[in-house]
Amino acid sequence: MAGSTRYPLVSYQPLRLFFKLSYYASIIPRLPYYALISLVPFLRPNRTWTAKQTFTTRLFKPMLHLMSSVGITQTLTLEKGADGDRFQTVQPSALDVYKGPLASETVKPAPIGGTWFPRKPTEAELKGKVVALYFHGGAFVEGDGRSLSCGPLAKRLLEKGGADAVFSVQYRLASYGSVNPFPAALQDAVSSYLFLLNDLHVPASQIVVGGDSAGGNLTLAFLRYLHEFGDKIGVPNPKCALLLSPWVAPFKYDMTGILQGKTDFLPSSFPRWGAIAYGGGREGAAEDPYITPLGNPFPTKVPMFASAASAEFLYEDIKKWAAETQGVSGNVVELHHEMDAVHDTFLCAELFGFEDSAWEVAAKVGEFVRKH
């Protein structure tokens, strides 16, 4: 079994409150140290970083560990909320397209949502336009694809990344207790792709599929599904794919001995939470090629752009994945090295001060999309 999917003891009240208060109290004494290493360049984890980059990444790590230790997944809603008419509900496909790993006895396709950027288009407005179907990151336990979290990355895709419109998918999140584990998110990826194809009549040749971190993992699972079942269900390949800091080995969450574990803002507890919740306690989840792309290369006709940041803990794994995927005859993989950056700046640039790096990635994405 991949791990217990039961909620941690500290997720229950009143222990949760006591745990949070005590943990917050433990962070306060660290603040002077974080300030010191931020203000003195030679003390920074990476000497090319600014004070903001150093302080925010150091502070965010224990805060994220606190959230991961409690392990309560973000609650989603299909209400339009602040996104208004740009938020659109997507129903599962009525066609027989959920086969193989998607034909689960316990996890069924369900309605989901998504947010359009810069605005909700009409079918006519999408004619001849490049549409980015985007899956956000968050270890499959956080994120909703809406404007507050994904607005900046959508702007990058629109202004530099070669997209004319972005549909950011609010796929179902996994949680302890075996709620929405695999293949829920992959079912949602198929539903959203078919929504563009069949409801809005966007040609596959105009659709760019991509995502960051867990969204990159989901993109690879989607491409694998099309490779294995696309012809059988009559679903064509997209124009190309974007994999931004893709989470290629979810169950490799122990950062012991990983150099970038000292520079990245992610604690081991966050990917552990996501991997266990998404795996849902399934036997062999860590080896499942639909969950763990690393070590499970497959052929695809879809050109892939991938980025890997040299200060993120996934850096070496992404490079290994790229090499083994490039080794499959016919595959096209372009790997961009984002030097001195932490994990997933495409999503988190504004929070940590890596805007320049994220925009550079966006420019590379744009070159790739226009080339393919």
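Sequence order sets the numbering: in each chain, residues are counted from 1 along the sequence as written. Only residues with pLDDT of 70 or above have their local features reported here, since the model is predicted, and side-chain atom pairs are shown and tallied only from 80 upward, although totals for entire chains, interfaces and linings are computed over all residues. As a convention, hydrogens and water are excluded, and side-chain values are obtained from all of the structure's heavy atoms.

Here we come to the packing of helix α9 (residues 345–352) against helix α10 (residues 355–371). With their axes 8 Å apart at the nearest point, α9 and α10 run at an angle of 155° to one another. Overall, the two elements α9 and α10 adopt an arrangement that is roughly antiparallel. Where α9 crosses over α10, the two elements pack in a sense that is left-handed. The segment α9 lies against α10, with T345, F346, A349 and E350 engaging E355, S357, A358, V361 and A362. We call Asp, Glu, Lys and Arg charged. Ala, Val, Leu, Ile, Met, Phe, Trp, Tyr, Cys and Pro are nonpolar, and the rest, Gly among them, are polar. Of the residues assigned to the contact of α9 with α10, the class counts are five nonpolar, two polar and two charged. Here, axes are lines fitted to C-alpha atoms. For helices the fit covers the stretch in contact, and angles between N-to-C directions go from 0 to 180 degrees. Elements are defined by DSSP. Helices are runs of H or I of four residues or more, strands are runs of E of two residues or more, and each kind is numbered from the N terminus. Roughly parallel covers angles under 35 degrees, roughly antiparallel covers those over 145, roughly perpendicular covers 65 to 115, and oblique covers all other angles. The handedness criterion is simple: a crossing whose near helix is rotated anticlockwise from the far helix by less than a right angle is left-handed, and one whose near helix is rotated clockwise is right-handed. Whether two residues touch is decided by their heavy atoms; if any such pair falls within 4.5 Å, the residues are in contact.

Another aspect to go through is the sheet that holds strand β6 (residues 240–244). One requirement defines pairing of two strands: DSSP has to find at least two bridges between them. Here eight strands make up an open sheet; going across it, the order is β1-β2-β4-β3-β5-β6-β7-β8 and the pairing mixed. If you trace the sheet from one side to the other, it starts and ends with β1 (87–90) and β8 (333–338), each paired once. For this sheet, the mean inter-axis angle between neighbouring strands, taken without regard to orientation, is 20°. Two elements, strand β3 (residues 131–135) and strand β4 (residues 165–170), share five bridges in a ladder whose sense is parallel. Considered in β4, the bridge of A132 is made with V166.

Moving on to the pairing of strand β7 (residues 304–309). Of all six residues in β7, six are buried; the element is thus mostly enclosed. Both β6 and β7 contribute to a ladder of four bridges, which runs parallel. Its bridge partner being in β7, A241 is matched across the sheet by M304. Where β7 lies against β8, six bridges are found, and the strand directions are parallel. Each bridged residue has a counterpart across the sheet, and for S307 the counterpart in β8 is H336. Relative accessibility decides the category of a residue: with a 1.4 Å probe and only protein chains considered, values under 20% of the type maximum give buried, values over 50% give exposed, and everything between is partly exposed.

Now for the side chain of D144. In this fold, D144 is placed in the loop between β3 and α4 (147–159). In this charge count, Lys and Arg are treated as positive and Asp and Glu as negative; neither His nor the chain ends contribute. Every case where a carboxyl oxygen of Asp or Glu lies within 4 Å of a side-chain nitrogen of Lys or Arg is listed as a salt bridge. For the buried D144, which has no salt bridge, the nearest side chain bearing the opposite charge is R146, at an N-O separation of 4.3 Å. Any N or O atom pair separated by 3.5 Å or less is treated as a polar contact, with the protein-specific requirement of one donor-capable and one acceptor-capable atom, and with residues adjacent in sequence counted only for side-chain atom pairs. Here S149 takes part through its side chain, which lies 3.3 Å from a polar atom of the side chain of D144. Once residues lying within four places of it in the same chain are set aside, the contact partners of D144 are Q74, L76, H136, S149, V169 and Q170.

Now for helix α2 (residues 31–39). Side chains three or four residues apart in an α-helix point the same way, a direct result of the helix having 3.6 residues per turn. Within α2 the residues assigned to the buried category are Y34, I37 and S38. Around the axis of α2, the buried residues are gathered within 105° of arc, so they sit on the same side. Counted as exposed and oriented over 90 degrees from the buried face of α2: P32 and L39. Those residues of α2 that are buried are in contact with α3 (51–70). An arc is given here, and it is the one of the directions from the helix axis to the C-beta atoms.

Scope: geometric values only; no functional claims are made or implied.
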